[in-house]
Amino acid sequence: MSRPSADNASMLSYQGSTHGSIKGSGRVFTFSLDNFSNRDFIVKDFIEALSDSATPASRKSAPGGSQTQFDPKPLIRAFEHAQGRLNTLSEDLEERENELSGAVRRAEAQHHANAESLGRKLNQAVDRFARLDSSLNGSGGEDGYGDTGGNVAVRIGEKLEELDRQLKRSNDAKFLILCWQEVSQRGSLETLEDVKRRNDIVECARIARQLLKISSRLDPDSNQGVNGNASNGVKRPERSKYPTKEIIEKFLENLEQDLLAKFDDCLRRANYEGMRECAITLKDFNDGSSVIATYVNQHSFFIDRTQLVTDELVEDTETWDRLQDPDAEPPGVEPSLQSLIDEVKIVVQDESAIIKRAFPYYEEVLIRFLQRIFQQSIQQRLEMVLEKANELSSLAFLRSLQASRSYITTLVDDLKAHGLTEAPEPVTSQIAATLDQQLEELFVPYFVGSSYIEREKRNLEELYSSLLLKFTSYHEQRRRMPTSYFGSLAQRGKEFAASARDAYMERLDSADLPTTQKAMLLRIAGLKEDQSDKKNIETTEEDGKLSILTTKRMLKWLAEGVGRGLELSPTNDTPKDVQNLQNLLLTHVGEYYLETALDAASDHAVSQENMKTPPDLTHLPSIQTLTIILHLLQTTIRTILIPLATPSLTIRREIEKSSTATMSTLESKLSNVLNITLTATLNWVAKCLAQQKKTDFRPKDDMDLMAASSETPACQAVVQFLTRVATQASGALSGRNLSLFLSELALGLRALVLAHLLKFTVSQFGGITVSKDMTRYAELVRNWPTGEDLEPGAMDVLVEVGQLFIIKGDALKFKLSQAGGEAGELKAYIRQREDVGSADVQAALGA
């Protein structure tokens, strides 16, 4: 049997009045009722402890290997004693249970008696209340005094209230008469002064205003009658010898000042209840304008900010330089203005809670507070920022205007969302309208009429003129020296270029142009400051070339202006503004830039039509740049400008019409340049073919026979020249334009070669030479990317015609029989054969 734990052993060793003890083997085992009432009591541990107490010590200490006879008697005696003690404890427990049960029955009886007594008392109270209620409602009672109950009490109460009001009115009237007599007879208001000294300023103000009304009726001005005689025969009361109205008004003025002083004192001590009381009273003085002005004018924000109004703007040279640099990203809002707006946001949000606590008419006060902030603090700083930006350049002004409006608009939106006095709900419609009105009034001077879009146009015109200055100057300077393609550019478009250049130079010399803007424009134009007054500007051929980078800069500047207009201009002005900017773009990029280049290219191509040397096609590489620029221009108009003009169908049609006309003009001039280039090219091909010797196709000696084994020199010259032309065209054109150009060139070559063969008599050996030349021409064209614009086998005609000079007899007859309707044309070439008089050839011709 296992030994009980230390906790259980200690639990079973209680000593008390109800203890029972068991002796066994020299030890005493004790227990009581407390052992069995313990929550940790375990029957098994109790039995083990009982058994352990009865086991002799000698038995426990015996060696493990020895056999000791088991003696049950100690255990029997221990359990018998334990059973007896348990019986005794059970009896004691039953006796205590009986005693407790009796006590519970007695307590329940007493509780029942108390509940019945309280119930009777409650019923009595309810009955009394019902009788009292019935008596007050006049429903009568057993004693016959129902009508003298509640209704009488109510009538008495009402009568007492009426008497109290009459007493109060009479006292007020008495006091008012006393004050009037005092002011009219003695010219003083000592009684009211006493009330004022008792610090009852609100009541004092009410009485003073009533006295002022009495004075207006009982003591009219002297021009309405003197000594009681008035116009129309109506007798008026005798006029007081004291100027009562002036006395009362002066008293009210002093009283108003005292109220304002008290309000100011409460404001300094953050006593919002006192502020509210004064504000209520002062509402009757000039409709509260004085107290509102006092609160707003003495606000620490305006006092502190007044000292900072004249502070200089942040002198950050890098930021101001970025602001006026058209190729740099705008730096955002000016730092001092940003700091002010951030502070305004915090001040207005915090002050709204104070205004709501201090003023019953808080919305009116908040409106005045907002107006003061916008019209004084923000407007003054905004004007300083824009004035500084305007001194730099037109672009700096426009960027500052955009950044400032955007940041202030964000402030207005944040204040609306915060709710101010209505937080956390949005602001009221009146506050929202005030914020919107203040925002618009800040920027009204900058958007009067068409002033804004005119600034945008002037800015873009100055930037475009600066960027194209050397381009236009190059054309003007070289118009009398058309020695090359770039020299001849100025022969066309010189009117536009010269006028634009003159207007630009005049603008640079203008006194109203800021120095910093002039420096920026000269930098964009690539000039030094000392060059601005020269009529002849040094230029290079590179200045006269078209540049994709230049075009992208112009389009980027335009996109910035369009985006700025969308943000700043009213929505209904957007289509018109977009039209103005599109006209500016078409004028500078379309006319001054692309048309000038196309006209010059056309003149250069014309000059090469009848040259004695191979035509100079150096204008072809510029066609590729021109095509890309034309595509960029068209894409910009189609994807940016036209969609923005959608609200106005009339303006949209005008934009589409003008852009279509410009594109058609440019594309027409581009096609004209290519056609003239084709003409010049084919003219030189004709000159090359004209160098053909008669002996090339009719060799007479061994040297001629040796030459007949390869292409003729004329053919080689044509192939070499056209290879160079095709290479230049491939570098300048792409897609359909390239395939059309090369197809037309191939057809022109075919026509020239076919006509060329009719001029020569071809011998048998010469036919081999002709065949080789024709094959070489066909191979040349076959390597060109003509696409579907050139019919398959179009150049095979040359090869077939070349074979007509070689084949004989039946083969020649078969060839003619297969030609069908073209047999007559083929016979013309057969007649150029040297052996045309032979029987075989004649037979073939006659077949």
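Note that the structure is predicted; figures quoted are calculated from it, not measured.

K.L.:
Is there a simple way to explain the overall build of the chain in this structure?
P.N.:
A count of helical and extended segments in the chain gives 34 helices and 2 strands. By the burial criterion, 42% of the 847 residues in the chain qualify as buried. Sequence-distant contacts, at least 24 apart, represent 75% of the contacts inside the chain between residues at least 6 apart. Here the chain displays about 46,000 Å² of accessible surface, and carbon together with sulfur accounts for 50% of that area.

K.L.:
Please clarify how the nonpolar core should be interpreted in this entry.
P.N.:
In a soluble, globular protein the nonpolar side chains are often hidden away together inside. Core analysis: the largest hydrophobic core is formed by 99 residues, its most contacted members being Leu585, Leu594, Leu722, Tyr777 and Trp784. Considering every element that reaches this core, the biggest residue donor is helix H26 (residues 649-690), with 13 residues. Beyond its immediate chain neighbours, meaning those up to four positions away, Leu722 contacts Thr681, Val685, Leu745, Leu749, Leu780 and Trp784. With 81 residues, the next largest nonpolar core counts Trp180, Leu313, Leu370 and Leu435 among its residues.

K.L.:
Explain the environment of Leu617 to me, please; I cannot follow it from the model alone.
P.N.:
Turning to its location among the elements, Leu617 is positioned in the loop between helix H24 (574-607) and helix H25 (620-644). In contact with Leu617, other than residues within four places in its own chain, are Thr677, Thr681, Val725 and Gln728.

K.L.:
Explain the pattern of salt bridges to me, please; I cannot follow it from the model alone.
P.N.:
A side chain of one charge can pair with a side chain of the opposite charge if their charged atoms are brought near each other. In the structure shown here, the tally under the stated rule is 21 salt bridges. Between Lys669 and Glu595 there is a salt bridge, with the nearest N and O atoms lying 3.1 Å from each other. With Lys669 in helix H26 and Glu595 in helix H24, the pair connects residues that are 74 residues apart, well separated along the chain. Here Glu595 falls in the buried class, since its relative accessible area comes to 13%. If you follow the salt bridges from partner to partner, you end up with Arg399, Glu456, Glu560 and Arg564 in one network.

K.L.:
In this structure, what is going on with the packing of helix H14 (residues 335-358) against helix H16 (residues 394-418)? I would like to understand it.
P.N.:
Packed helices, taken two at a time, are described by their axes: the angle between them and the distance between them. Packing of H14 against H16 brings their axes to within 11 Å, and their N-to-C directions diverge by 10°. When the axes of H14 and H16 are compared, the pair comes out roughly parallel. Along its contact with H14, which presents Leu337, Gln338, Ile341, Asp342, Val344, Lys345, Val348 and Gln349, the element H16 presents Ser404, Tyr407, Ile408, Leu411, Asp414, Leu415 and His418.

K.L.:
It is not clear to me how the packing of aromatic side chains should be interpreted in this structure. Could you clarify?
P.N.:
Given two aromatic rings, their pairing is described by the distance between the two centres and the angle made by the two planes. Evaluation of the coordinates by the stated rule reveals 9 aromatic pairs. Ring centres 5.6 Å apart and planes at 50° place the aromatic pair Phe263 and Phe359 in the tilted group. Note that Phe263 is positioned in helix H9 (residues 244-268) and Phe359 in the loop between H14 and helix H15 (362-392), a separation of 96 residues in sequence. The class of Phe359 is buried, set by a relative accessible area of 0%. The interplanar angle of 20° and the centroid separation of 6.3 Å between the aromatic rings of Tyr464 and Trp557 together place this pair among those described as stacked. Taken together, the residues span a long stretch of sequence, with Tyr464 in helix H18 (residues 451-467) and Trp557 in helix H23 (residues 548-568) at a distance of 93 residues. On the basis of relative accessibility, which here comes to 0%, the residue Tyr464 falls in the buried class. Clustering of aromatic rings is evident, with ring pairs tying together Phe263, Tyr295, Phe359 and Tyr361. One Lys or Arg, Arg455, reaches over the ring of Phe397 and ends 3.9 Å from the middle of that ring.

K.L.:
What should I look at first to understand the environment of Glu422 in this one?
P.N.:
Here Glu422 is to be found in the loop between H16 and helix H17 (429-443). For the pair Glu422 and Ser352, spaced 70 residues apart in sequence, the C-alpha separation works out to 8.7 Å. Here Tyr362 takes part through its side chain, which lies 3.5 Å from a polar atom of the side chain of Glu422.

K.L.:
What should I look at first to understand the packing of helix H32 (residues 809-819) against helix H33 (residues 823-830) in this one?
P.N.:
The N-to-C vectors of H32 and H33 enclose an angle of 145°; their axes lie 8 Å apart at closest approach. Residue-level inspection shows Leu812, Leu816 and Ala819 of H32 in contact with H33, the latter providing Ala823, Leu826, Lys827 and Ile830. Residues that form the contact of H32 with H33 fall into these classes: 6 nonpolar, no polar and 1 charged.

K.L.:
Please explain H23 as it appears in this structure.
P.N.:
The periodicity of an α-helix, 3.6 residues per turn, causes residues three or four places apart in sequence to face the same way. Taking 1.5 Å per residue as the helical rise, H23 with its 21 residues ought to reach 30 Å, and the 30 Å between its terminal C-alpha atoms agrees with that figure. Within H23, burial applies to Thr550, Thr551, Met554, Leu555, Trp557, Leu558, Glu560, Gly561, Val562, Arg564, Gly565 and Leu568. Elements that come into contact with the buried residues of H23 comprise H16, H18, helix H22 (515-525), H24 and H25. Its side-chain oxygen placed 3.3 Å from the backbone nitrogen of Leu549, Ser547 serves as the N-cap of H23.

K.L.:
Would you take a moment to explain the environment of Gln764 for this structure?
P.N.:
Mapped onto the elements of the fold, Gln764 is located in helix H30 (residues 764-782). Linking Gln764 and Asp835, residues 71 residues apart in sequence, is a C-alpha distance of 7.9 Å. If near-sequence neighbours (up to four positions away) are discounted, Gln764 is found in contact with Lys808 and Glu834.

K.L.:
I tried to follow the side chain of Glu256 on my own but got confused; where do I start?
P.N.:
Relative to the assigned elements, Glu256 resides in helix H9. Given the relative accessible area of 11%, Glu256 is considered buried. Within the structure, the side chain of Glu256 is placed 2.8 Å from the side chain of Ser290, a separation counted as a polar contact. Other than its neighbours up to four places away in sequence, Glu256 contacts Leu282, Phe285, Asn286 and Ser290.

K.L.:
What is the right way to look at the confidence of the model for the chain in this model?
P.N.:
In the predicted model, the chain carries a mean pLDDT of 81, and the fraction of residues at 70 or more is 82%. Here residues 222-235 is a poorly scored stretch, pLDDT under 50, and it has 12 contacts once near neighbours within four places are set aside; other chains count. Under a pLDDT of 50 for its full length, residues 482-493 has, in the predicted model, 42 contacts with residues more than four places off or in other chains.

K.L.:
Is there a simple way to think about a nonpolar patch on the surface in this case?
P.N.:
A cluster of nonpolar side chains, Val43, Ile47 and Phe79, forms an exposed patch at the surface whose accessible area comes to about 240 Å². Considering the arrangement of structural elements, one finds Phe79 in helix H5 (residues 73-136).

K.L.:
So what exactly am I meant to see when it comes to helix H3 (residues 43-54) here?
P.N.:
Counted at 1.5 Å a residue, the expected span for H3 with its 12 residues is 16 Å, and the 17 Å between its end C-alpha atoms agrees. Within H3, 9 of the 12 residues are buried, which leaves the element mostly enclosed by the surrounding structure.

K.L.:
Mind showing me how you'd approach the side chain of Ser393 here?
P.N.:
Topologically, Ser393 is positioned in the loop between H15 and H16. Ser393 gets classed as buried once you look at its relative accessible area, which sits at 3%. Ignoring anything within four residues of it in the chain, the contact list for Ser393 reads Gln324, Thr516 and Gln517.

Cut-offs used in this document
Residues numbered from 1 in each chain as written. Predicted model: local features only at pLDDT ≥ 70, side-chain atom pairs only at ≥ 80, totals over all residues. Heavy atoms only, no water. Helix = DSSP H or I, 4+ residues; strand = E, 2+ residues; numbered from the N terminus. Buried < 20%, exposed > 50% of the residue type's maximum accessible area, 1.4 Å probe, protein only. Contact = heavy atoms within 4.5 Å. Areas by Shrake-Rupley, 256 points an atom, 1.4 Å probe, with all protein chains shown as cover. Core = buried A, V, L, I, M, F, W, Y, C linked by side-chain atoms within 4.5 Å. Salt bridge = Lys/Arg side-chain N within 4 Å of Asp/Glu carboxyl O. Axes fitted to C-alpha atoms, helices over the stretch in contact; angles between N-to-C directions. Parallel < 35°, antiparallel > 145°, perpendicular 65-115°, else oblique. Phe/Tyr/Trp six-rings, centres within 6.5 Å; stacked < 30°, edge-to-face > 60°. Lys NZ or Arg CZ within 6 Å of the ring centre and 35° of its normal. Polar contact = N/O pair within 3.5 Å; in protein donor to acceptor, adjacent residues only side chain to side chain. Nonpolar A, V, L, I, M, F, W, Y, C, P; charged D, E, K, R; others polar. Expected span 1.5 Å × (residues − 1). pLDDT = per-residue confidence, 0-100. Patch = residues over 30% accessible without salt bridge, like charges linked within 9 Å, V, L, I, M, F, W, Y side chains within 5 Å.

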